[in-house]
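Here are the chains, one letter per residue:
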Amino acid sequence: MPDTKPTVAVLTALSLEYAAVRAHLTDLRKREHRRGTRAEVGRLPGTPWSVALVEMGEGNLTAAALTERVMSWLEPEAVFFVGVAGGLKSDIALGDVVVATKVYAVHGGKETPEGFLARPESWRASHRLAAAARDALRGDPRAHLKPIAAGDVVLAAVESGLAEHLRRHYNDAAAIEMEGSGVVSAVHLAGGDALVIRGISDRADGDKSRVDAEGRQPRAAASAAAAVVAVLRELRPVGGRAPASGGSDDPEEGPHRGPAYGGDHLDFRGSTFHGPVIAKQVGRRDGERQ
């Protein structure tokens with residue numbers, strides 16, 4: 001029987017990120033695109049969502065191509081890119097989560113005799129998804145809504161050309177990773193909603209290999225997975241259905257279910273009309289309001 005639940009796509013680059021999200025899902029089943037891309041689709045308990053989980057591999061070019069495929073194949077209402085990143089700010093601790101308010105593509109520019117001239121390109125987070133994230137993560141001191149940078153290199157040195165480039169041209173970026181700009185650019189071109197959520201697994205410095213060996217990546221991935229689950233518990237599907245109850249909490253949406261209204265009121269919610277509507281008031285008693 002086909003699943004009638006609304007679908008979101010959660011994309012990851014690494015298998016450990018995929019496993020962290022998968023641990024929250026139930027009733028998993030596999031799907032395969034005719035060109036070989038694979039997904040697992042499961043339910044997120046306590047929400048109206050089906051979640052299509054895809055491990056894409058590394059790099060912005062791969063991320064952009066496969067995100068576009070996921071958009072046309074699975075037609076998700078929203079796309080989340082979830083995983084780990086290197087931290088760029090001293091006040092954001094290892095294991096904290098950064099929800100990207102903007103994603104910068106950091107390698108665009110022009111090389112001139114006077115030096116490299118940056119040509120910044122960025123994509124803002126979907127307002128709908130960012131608003132749900134703010135509600136879901138409000139009060140959590142380990143969750144930060146900040147810009148992130150995305151490039152095609154691993155940054156593992158504080159004193160380097162790339163590190164200086166980030167400080168000079170992308171100074172508000174709180175984290176750096178390798179796929180986010182590919183994901184959000186593809187979703188933007190498709191007219192969809194995207195949000196990047198990253199757990200901080202290292203400081204993008206010379207200690208990266210050591211902290212990776214200590215198991216920081218799985219812990220950061222678990223933090224990011226928990227954050228996307230919290231956002232999905234807050235997010236409404238298009239159409240206004242409530243996240244957990246399956247019915248709207250908007251009293252002006254859907255059919256009227258309360259007692260009959262005694263005033264001069266006609267309830268047309270849920271109705272379709274193809275011409276004028278004519279009504280007649282009958283049974284008005286003397287003394288009632290005209």
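Residues numbered from 1 in each chain as written. Predicted model: local features only at pLDDT ≥ 70, side-chain atom pairs only at ≥ 80, totals over all residues. Heavy atoms only, no water.

Draft legend 1. Layout of the layout of surface pockets. In this structure, the largest pocket spans a volume of roughly 290 Å³. Lining the largest pocket are 21 residues, and of these V84, V154, E177, M178 and K208 lie nearest its centre. Split by residue class, the lining of the largest pocket holds 10 nonpolar, 3 polar and 8 charged. (1 Å grid on protein atoms, 1.4 Å probe; cavity = no way out; pocket = protein on both sides within 12 Å on 5 of 7 lines; lining within 4 Å. Points joined across faces, edges and corners; volume = space filled by probe spheres on them. Nonpolar A, V, L, I, M, F, W, Y, C, P; charged D, E, K, R; others polar.)

Draft legend 2. Seen up close, unusual backbone geometry. Of note, the phi angle at D27 is positive, near 55°, even though the residue is not glycine. Considering the arrangement of structural elements, one finds D27 in strand β2 (residues 26-32). Looking at D27, the relative accessible area reads 53%, which means it is exposed. (Helix = DSSP H or I, 4+ residues; strand = E, 2+ residues; numbered from the N terminus. Buried < 20%, exposed > 50% of the residue type's maximum accessible area, 1.4 Å probe, protein only.)

Draft legend 3. Main features of the confidence of the model for the protein. Confidence along the protein averages 86 in pLDDT terms, with 81% of residues attaining 70 or more. Scored below 50 in pLDDT, residues 242-263 shows 26 contacts in the model against residues more than four places distant or in partner chains. (pLDDT = per-residue confidence, 0-100. Contact = heavy atoms within 4.5 Å.)

Draft legend 4. Just the environment of M178, in detail. With respect to the helices, strands and loops of the structure, M178 is situated in the loop between β11 (175-177) and α5 (180-189). Taking relative accessible area as the criterion, M178 reaches 16% and is therefore assigned buried. Remark: the alpha-carbon pair of M178 and A63, spanning 115 residues in sequence, is separated by 9.1 Å. Discounting residues that sit within four places of it in the chain, M178 has contacts with E58, G59, N60, G151, D152, V153 and V154.

Draft legend 5. The pairing of strand β8 (residues 115-118), seen in detail. In terms of strand pairing, strand β7 (residues 109-112) meets β8 through 4 bridges, oriented antiparallel. If you follow E111 over to β8, its bridge partner there is F116. The turn linking β7 back onto β8 is made up of 2 residues. (Pairing = 2+ DSSP bridges.)

Draft legend 6. Structural detail: the packing of helix α2 (residues 60-74) against α5. Put simply, α2 and α5 touch, their axes get as near as 7 Å, and they point 35° apart. By crossing handedness, the relation of α2 to α5 is classed as right-handed. On α5, the residues that touch N60, A63, A64, T67, E68 and M71 of α2 are G180, S181, G182, V183, A186 and V187. (Axes fitted to C-alpha atoms, helices over the stretch in contact; angles between N-to-C directions. Left-handed = near helix turned anticlockwise from the far one by under 90°.)

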